[in-house]
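Survey of secondary and tertiary structure
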Amino acid sequence: MKKFFFIAAMVSAALISCTKNEPAPSMEAQQEITFMTAPLTKAEITKFGETNRFRTWAFHDQTDWTAGSSSAQLYLGGDAGLEIQKIGGVWKNDSQSYYWPKTGQLTFYSYSLNTTGTFLTDATVACTNKGITVTGYDIQKNLDVDFLVADQAANKTANVNTYYTEGVPTLFRHRLSNIIFKVQTADDYAGKTFVLESITLNNVAKTADYAQVAGTPANDTWTITDVDNIVFSDDASSFSKTNVLTPAAKQSYYIPDTFAEDNETVTIVYNVTTNNGSGTSTEKVTVNKSLKEIFGSWDKGNKYTCTITVSLNEILWDPAVEEWTLVDDSWAI
């Protein structure tokens, strides 16, 4: 992708007078581009982690931004996007300063992994003046990555103070779904020990392509390209009614999807050990549940908590006594 740089020429002119020398008029210095950041949660806007980093692009246009405008030119970011981090109290690039143009407006697009890292593994991230795209996003290769995309910041001409500091307003939104499981028992069963073996999500999206719809984050899209069985957790930990287990997740973030197929399921495997004074026995229990019945769908930016409750049927007895059989056996003496 071509890079375009705009440099405002600084012009000064000396005014000559017969009576006195007038100072040259000064031109207003260009303002450095900095950023203000905050990811969006369901309830509130939260300050972006100050050790985190993100990547950004800006497009320059002499007129207000419109989707796919042929006059918009890449101003900063290059092929991979410009890395931004917190330096000296402001968000900027660590090796070079970038300045606002003298004329026209800039429109910014940014993404983050909500960590110190800024590159996805084996995925291609690109940006045009329509927004950010990702090709080949694989949740298993990007294990437990919280992929964030910022709202389009359109038609900006200077740093402003909207969130927590002065700069380009960069409001990140979670573009994946966050899944949490909890496991408990319905009662405290005497003589029973319950241990979770695994939770597996079957036939869920493994890879997909992402496309940002500029200015309307709710309408950006994921196009699923492959599905797989993904182990959510293999945390072998005990649980009970009073000891609710939140198993350690191997993968917490999933590609948004709508569940309609019967083979889209969750498999829960747990062990029940019985020790009631008469001996010890362990049984492995496997349960399959339909994802469309539990969730229906996973939507962008939503955190879902699914609580699994294990119950036992108590052994009860249904005693009865057979009636006597009457036998008439008479004899004489």
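Residues numbered from 1 in each chain as written. Predicted model: local features only at pLDDT ≥ 70, side-chain atom pairs only at ≥ 80, totals over all residues. Heavy atoms only, no water.

1. Side note on the overall build of the chain
Across its full length, the chain carries one helix and 22 strands. By sequence separation, contacts in the chain at least 24 residues apart represent 72% of the contacts at least 6 residues apart. When the accessible area of the chain is evaluated, it comes to approximately 18,600 Å², of which 50% is carbon and sulfur surface. (Helix = DSSP H or I, 4+ residues; strand = E, 2+ residues; numbered from the N terminus. Contact = heavy atoms within 4.5 Å. Areas by Shrake-Rupley, 256 points an atom, 1.4 Å probe, with all protein chains shown as cover.)

2. Focus: the side chain of Thr107
Note on placement: Thr107 falls in strand 6 (residues 105–112). A distance of 3.3 Å separates a polar side-chain atom of Thr107 from the backbone nitrogen of Asn155. Residue contacts for Thr107: discarding those within four places in its chain leaves Trp57, Ala58, Phe59, Trp65, Gln152, Ala153, Ala154 and Asn155. (Polar contact = N/O pair within 3.5 Å; in protein donor to acceptor, adjacent residues only side chain to side chain.)

3. Quick notes on the environment of Asn203
By the secondary structure assignment, Asn203 is in strand 14 (residues 192–211). As a C-alpha pair, Asn203 and Asp226 span 23 residues in sequence and 8.9 Å in three-dimensional space. Each residue touching Asn203, except ones within four places of it in the same chain, is listed here: Val227, Asp228, Asn229, Asn263 and Glu264.

4. Section: the pattern of salt bridges
Applying the stated rule across the entire model yields twelve salt bridges. Between Glu83 and Arg53 there is a salt bridge; the shortest N-O distance is 3.0 Å. Remark: Arg53 occurs in the loop between strand 1 (35–40) and strand 2 (54–61) and Glu83 occurs in strand 4 (residues 82–87); sequence separation between them is 30 residues. Overall, Arg53 belongs to the partly exposed group, its relative accessible area being 27%. (Salt bridge = Lys/Arg side-chain N within 4 Å of Asp/Glu carboxyl O. Buried < 20%, exposed > 50% of the residue type's maximum accessible area, 1.4 Å probe, protein only.)

5. Focus: the packing of aromatic side chains
For the structure shown, the criterion picks out 23 aromatic pairs. A centroid spacing of 5.9 Å and a plane angle of 85 degrees characterise the contact between Phe295 and Tyr304, whose relative ring orientation is edge-to-face. With respect to burial, Phe295 and Tyr304 carry one shared label: buried. The rings of Phe181, Phe232, Tyr254, Phe259, Phe295, Trp298 and Tyr304 are connected pair by pair, giving a single aromatic cluster. (Phe/Tyr/Trp six-rings, centres within 6.5 Å; stacked < 30°, edge-to-face > 60°.)

6. What about the confidence of the model for the chain?
On average, residues of the chain score 86 in pLDDT, and 87% of them reach the 70 mark or higher. In this model, residues 1–28 is a region of pLDDT below 50 whose contacts with residues beyond four sequence positions or in other chains number 21 contacts. (pLDDT = per-residue confidence, 0-100.)

7. Structural notes on the environment of Thr286
For Thr286, the location among the structural elements is in strand 20 (residues 280–290). Residues within four places of Thr286 in sequence aside, it is in contact with Thr267, Ile268 and Val269.

8. Thoughts on the nonpolar core
Counting residues in hydrophobic clusters, the biggest one holds 53 residues, and the most contacted among them are Leu120, Tyr137, Phe147, Phe181, Leu201, Phe295 and Trp298. In terms of residue count, strand 14 provides more of this core than any other element does, eight residues in total. Aside from chain neighbours lying at most four places away, what touches Phe181 is Ile199, Leu201, Phe232, Leu245, Thr246, Pro247, Val266, Phe295, Cys306 and Ile308. Within the second largest apolar cluster, 17 residues are counted, among which are Trp91, Tyr98, Leu148 and Ala153. (Core = buried A, V, L, I, M, F, W, Y, C linked by side-chain atoms within 4.5 Å.)

9. A few points about the sheet that holds strand 22 (residues 303–310)
Two strands in a sheet stick together by hydrogen bonds in their backbones, pointing the same way (parallel) or opposite ways (antiparallel). An order of 17-13-22 is seen for the three strands of this open sheet, with the pairing classed as mixed. At either end of the open sheet lies a strand with only one pairing partner, and these are strand 17 (253–254) and strand 22. Note: strand 13 (residues 177–185) against strand 22, eight bridges, orientation parallel. Bridging across to strand 22, Asn178 finds its partner in Lys303. (Pairing = 2+ DSSP bridges.)

10. Describing the pairing of strand 2
For strand 2, the tally of buried residues reaches eight of eight residues, placing the bulk of the element in the interior. Across the two faces of strand 2 the burial is the same, with Phe54, Thr56, Ala58 and His60 and Arg55, Trp57, Phe59 and Asp61 all buried. Looking at chain direction, strand 2 and strand 4 are connected through three bridges and run antiparallel. Residue Phe54 lies in a different strand from strand 4, and its bridge partner there is Ile84. As defined by bridge partners, strand 2 adjoins strand 6 across eight bridges and the pair is classed as antiparallel. Bridge assignment links Trp57 to a residue of strand 6, and that residue is Tyr109. Judged from the three bridges that link them, strand 2 and strand 3 (residues 73–76) form a sheet pairing that is antiparallel. Bridging across to strand 3, Phe59 finds its partner in Leu74.

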